[in-house]
Amino acid sequence: MSLILTPNIPDTDGLYQELVEAHDGLSAEESEAFNARLILTLANHIGDRDVLRQAIEVVRKSSGGNVQN
Amino acid sequence: MIEDRYSTASTLYPYCRVSDQDAEPRRHPVVIVGAGPVGLALALDLGQRGTPTLVLDDHEGPGAGSKAICFAKRTLDIAHRLGAAKKMVEKGVVWNVGRVFYGGEQLFEFNLLPESGHRHPAFINLQQPYFEQYLIECIRVEQSKGTPIEIRGRNQVTALTDKGDFVALEVDTPEGTYKIEAEFVVACDGARSPTRDMMGLSFDGRVFEDNFLIADVRMEAELPTERWFWFHPTFAPNVQSTLLHKQPDDIWRIDFQLGWDIDRDKELDPSRICSRVDALLSSQTGDVPDYELHWTSIYTFQCRRMQEFRKGRIFFAGDSAHQVSPFGARGANSGVQDAENLAWKLDLVLKGLAPSALLDSYSSERTFGADENILNSSRATDFMTPKSKAATIFRDAALDLARDHAFARTIINSGRLSVPCVYDGHAHFVQDALTNGPEVTRPGAPCPDAPVEGGFLLDNLKGNFTVLAIGFDCSKLKLIDGVAVDVLCIHKPSEYLQERYLGGGKSAVYLIRPDQHVVGRWPEFSEDKIRAALLTALGKEPI
């Protein structure tokens, strides 16, 4: 199976809001820990090593393009 | 004069003058350097095959102190074939339950309930000196029957030269030096291998920046026979992890992970160690039971291996060839597998029944095994000693999730159980011809045990090539190209044997190597196919 990179979430705006709000009140450290737990939980749900490998690769390549202030 | 490199637990092979010391250099078929678990297993295996074997050790008994303590099923299966397993299992501590704690709280427990239908448990805890002692006792029994094994204590190899068709060795003793020759030399002389150093061979790898304090304590505690492992224990601030594990003789192994920047002398102060042990014990039992420190040391880990385990006529086996961190018990266990891989090959080559090129497969197969062990043990160590902030975050995330969710428990890695490797795709195995055959018995795999009439399958794999025919009669093979072949016909396979060797089918034929790895398997008996596979296994071109 290929990693899905086209829109795939029925309610993108809702999910985005939920993700951001989940971090409300968390310190930077707590946020990092939260994200790590979320990644591990999602990775287990996906369960497909190929898909996960592709995702890591896609994210690795997408970094470095940050807008510098 | 031979210096002590370490103290010994007992004297099992005292120095004794031999005729070689007063003669022109005598030629020995195999000289093994080092009478540790690997050297002794190899000597026993070779001797039982009838190949005269000389073991030289610069001490007179097993090294004292804390060394290997976990011996896995495959090792016990090998020891069983050699006749030494019974005492090991009787003396050893069998455990099944492990608990993982995070801070003061238990995250989860696991039960390694032994898989049914095997003679041996998944592993036992047994101090290495006992393991060596039982092998020596076996060798003494063999010697009394005339088996050609000789052990010379206080015999230190001080020089060796590969002369092309033999190896010349110089040996030092309390009564001076003498010279011998060997067709083949096997260096089983440990991680600091003097043989490897003398030959100037490299031993590269990775050092883990962490110190572990071992405290083996003797106590009659009311604690269960379980493996307890703490991440961030509350009883030991600034300690990353702690392990508590039982050994025979009321000895408990305690490991404290201290980190990289420590004052070794201060940490080894017995009063400081006792305060750590007191804190651990009182947190569990409410008070501090009487105990004594039996052995303490601080060690660091390295994972490394030699490029090749064969250099001409000289071989390296066990820690001299590869070194791993202890999590997962892959040191001594893999070394004993090295010994079983090499023994039958040396024997057949020395008897002229296999080409010497077969010996190259020792290096290709066991470097492959070493890489697998190094990978597993590095991963365990990386989990326990996170190398970056991100690694620490993920590690702690897994620990947090493991409390409530089964999936995260599988991520927690304080050492994966040592299992033998499968030689997938290696040269001396043939393509799998048993459609839908079980994965566990594919070509390259070590044979799993299973009950058969009157005992267990592995009891019947006695060190020759064996044809295992399940579900039908087969013709009586005896010799192929001079190589002895045993035939084992099983008409009514047990449920376990069916599951592990037949899968859905009704019948199968396996060709099994002397080290109990599967060469090939077929749905029907064909002498031609078995013969061709055997020639492949021996490194001869199939005719």
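Residues numbered from 1 in each chain as written. Chains lettered and ligands numbered in written order. Predicted model: local features only at pLDDT ≥ 70, side-chain atom pairs only at ≥ 80, totals over all residues. Heavy atoms only, no water.

## Remarks on the overall build of chain B
Part 1 of the argument: Across its full length, chain B carries 13 helices and 26 strands.
Part 2 of the argument: Here chain B has a C-alpha radius of gyration of 24 Å; the compact-globule value for 543 residues is 24 Å, and the two agree.
Part 3 of the argument: Seen through its C-alpha atoms, chain B measures out along the principal axes to roughly 70 × 65 × 40 Å.
Part 4 of the argument: Within the span of chain B, comprising 543 residues, buried residues form 57% of the whole.
Part 5 of the argument: Looking at chain B alone, contacts between residues at least 24 apart form 71% of all its contacts between residues at least 6 apart.
Part 6 of the argument: Here chain B displays about 21,900 Å² of accessible surface, and carbon together with sulfur accounts for 48% of that area.
Part 7 of the argument: For chain B, the distance from the average site of its 59 positive side-chain charges to the average site of its 75 negative ones is 3 Å. (Helix = DSSP H or I, 4+ residues; strand = E, 2+ residues; numbered from the N terminus. Rg over C-alpha atoms; globule rule 2.2 N^0.38 Å. Buried < 20%, exposed > 50% of the residue type's maximum accessible area, 1.4 Å probe, protein only. Contact = heavy atoms within 4.5 Å. Areas by Shrake-Rupley, 256 points an atom, 1.4 Å probe, with all protein chains shown as cover. Lys, Arg positive; Asp, Glu negative; His and termini not counted. Charge placed at Lys NZ, Arg CZ, Asp CG, Glu CD.)

## Focus: the overall build of chain A
Part 1 of the argument: When its secondary structure is counted, chain A shows 3 helices and 0 strands.
Part 2 of the argument: In chain A, the order of α-helices and β-strands from amino to carboxyl end is α-α-α.
Part 3 of the argument: Its C-alpha atoms give chain A a radius of gyration of 14 Å, more than 25% over the compact-globule value 11 Å for 69 residues.
Part 4 of the argument: Across the 69 residues that make up chain A, the buried fraction comes to 10%.

## Thoughts on the side chain of Asp210(B)
All names here are of chain B.
Part 1 of the argument: Note that aspartate 210 resides in strand β12 (residues 204-218).
Part 2 of the argument: Despite its burial, aspartate 210 pairs with no opposite charge; the closest candidate is lysine 387, at 6.4 Å N-O.
Part 3 of the argument: Within the local environment of aspartate 210, its side chain forms a polar contact with the backbone nitrogen of glycine 259, the two atoms lying 2.8 Å apart. (Salt bridge = Lys/Arg side-chain N within 4 Å of Asp/Glu carboxyl O. Polar contact = N/O pair within 3.5 Å; in protein donor to acceptor, adjacent residues only side chain to side chain.)

## Focus: the packing of helix α2 (residues 28-46) of chain A against helix α10 (residues 389-402) of chain B
Part 1 of the argument: Remark: α2(A) packs on α10(B), axes separated minimally by 8 Å, with the N-to-C direction vectors making an angle of 65°. The pairing of α2(A) with α10(B) is recorded here as roughly perpendicular in orientation. The element α2(A) and its partner α10(B) pack so that their crossing is right-handed. Counted together, Glu32(A), Ala33(A), Ala36(A), Arg37(A), Ile39(A), Leu40(A) and Thr41(A) of α2(A) and Lys389(B), Ile393(B), Phe394(B), Ala397(B), Ala398(B), Asp400(B) and Leu401(B) of α10(B) form the full contact between these two elements.
Part 2 of the argument: Among the residues forming the contact of α2(A) with α10(B), the class breakdown is 9 nonpolar, 1 polar and 4 charged. (Axes fitted to C-alpha atoms, helices over the stretch in contact; angles between N-to-C directions. Parallel < 35°, antiparallel > 145°, perpendicular 65-115°, else oblique. Left-handed = near helix turned anticlockwise from the far one by under 90°. Nonpolar A, V, L, I, M, F, W, Y, C, P; charged D, E, K, R; others polar.)

## What to know about the packing of helix α1 (residues 37-48) of chain B against helix α8 (residues 332-350) of chain B
Residues and elements named next belong to chain B.
Part 1 of the argument: Two elements in contact, α1 and α8, have axes whose closest approach is 9 Å; the angle formed by their N-to-C orientations is 30°. Our classification of the angle between α1 and α8 gives roughly parallel. Here α1 runs over α8; the crossing is right-handed. Facing α1, whose interface residues are Pro37, Val38, Ala41, Leu42, Asp45 and Leu46, α8 presents Gly335, Val336, Ala339, Glu340, Leu342, Ala343, Leu346 and Asp347.
Part 2 of the argument: Looking at the contact of α1 with α8 residue by residue, the classes come out as 10 nonpolar, 1 polar and 3 charged.

## Let's talk about the state of the cysteines
Residue and element names in this part refer to chain B.
Part 1 of the argument: Here the structure, examined in full by the defined rule, presents 0 disulfides over all chains.
Part 2 of the argument: You can see cysteine 70 has no disulfide; the closest cysteine sulfur is in cysteine 303, sitting 17 Å from it.
Part 3 of the argument: Its sulfur unpaired, cysteine 303 is 16 Å from the next cysteine sulfur, which belongs to cysteine 421. (Disulfide = S-S within 2.5 Å.)

## Concerning unusual backbone geometry
All names here are of chain B.
Part 1 of the argument: With a phi angle near 65°, aspartate 249 is a residue other than glycine that sits in the positive phi range.
Part 2 of the argument: Inspection of the secondary structure puts aspartate 249 in the loop between β14 (241-247) and β15 (251-259).
Part 3 of the argument: Of note in the backbone geometry, aspartate 250 takes a positive phi value of approximately 60° without being a glycine.
Part 4 of the argument: With respect to the helices, strands and loops of the structure, aspartate 250 is situated in the loop between β14 and β15.

## Describing the nonpolar core
Residues and elements named next belong to chain B.
Part 1 of the argument: Grouped together as the largest cluster of nonpolar side chains are 88 residues, with contacts concentrated most on Met88, Val186 and Phe465.
Part 2 of the argument: With 9 residues, the single largest contributor to this core is α8.
Part 3 of the argument: Composition of this core by domain shows at least three residues from each of domain 1 (19-93 + 116-202 + 307-373) and domain 2 (439-538).
Part 4 of the argument: Apart from the residues within four sequence positions on either side, valine 186 is in contact with Val30, Val31, Ile32, Val33, Leu42, Phe315, Ala317, Leu342 and Leu346.
Part 5 of the argument: Ranked by size, the runner-up nonpolar core spans 30 residues in total, among them Phe208, Phe231, Phe301 and Phe327. (Core = buried A, V, L, I, M, F, W, Y, C linked by side-chain atoms within 4.5 Å. Domains from an automatic or database assignment.)

## Re the packing of aromatic side chains
All names here are of chain B.
Part 1 of the argument: Within this structure, the stated rule accounts for 20 aromatic pairs over all chains.
Part 2 of the argument: Look at tryptophan 230 and phenylalanine 235: their rings are 5.0 Å apart centre to centre, the planes differ by 85°, and that puts the pair in the edge-to-face class.
Part 3 of the argument: Residue class for tryptophan 230 comes out buried when judged on its relative accessible area of 2%.
Part 4 of the argument: Chaining the aromatic ring pairs together yields one cluster made of Phe101, Trp228, Trp230 and Phe235. (Phe/Tyr/Trp six-rings, centres within 6.5 Å; stacked < 30°, edge-to-face > 60°.)

## Here's the deal with α2(A)
Part 1 of the argument: In this model, α2(A) (19 residues) spans 27 Å end to end at C-alpha, consistent with the 27 Å of a helix rising 1.5 Å per residue.
Part 2 of the argument: Where α2(A) is concerned, the buried positions are Ser31(A), Ala36(A) and Leu40(A).
Part 3 of the argument: On its buried side, α2(A) packs onto α10 and α11 (406-409) of chain B.
Part 4 of the argument: Directly after α2(A), the chain includes Gly47(A), whose backbone phi takes a positive value near 70°. (Expected span 1.5 Å × (residues − 1).)

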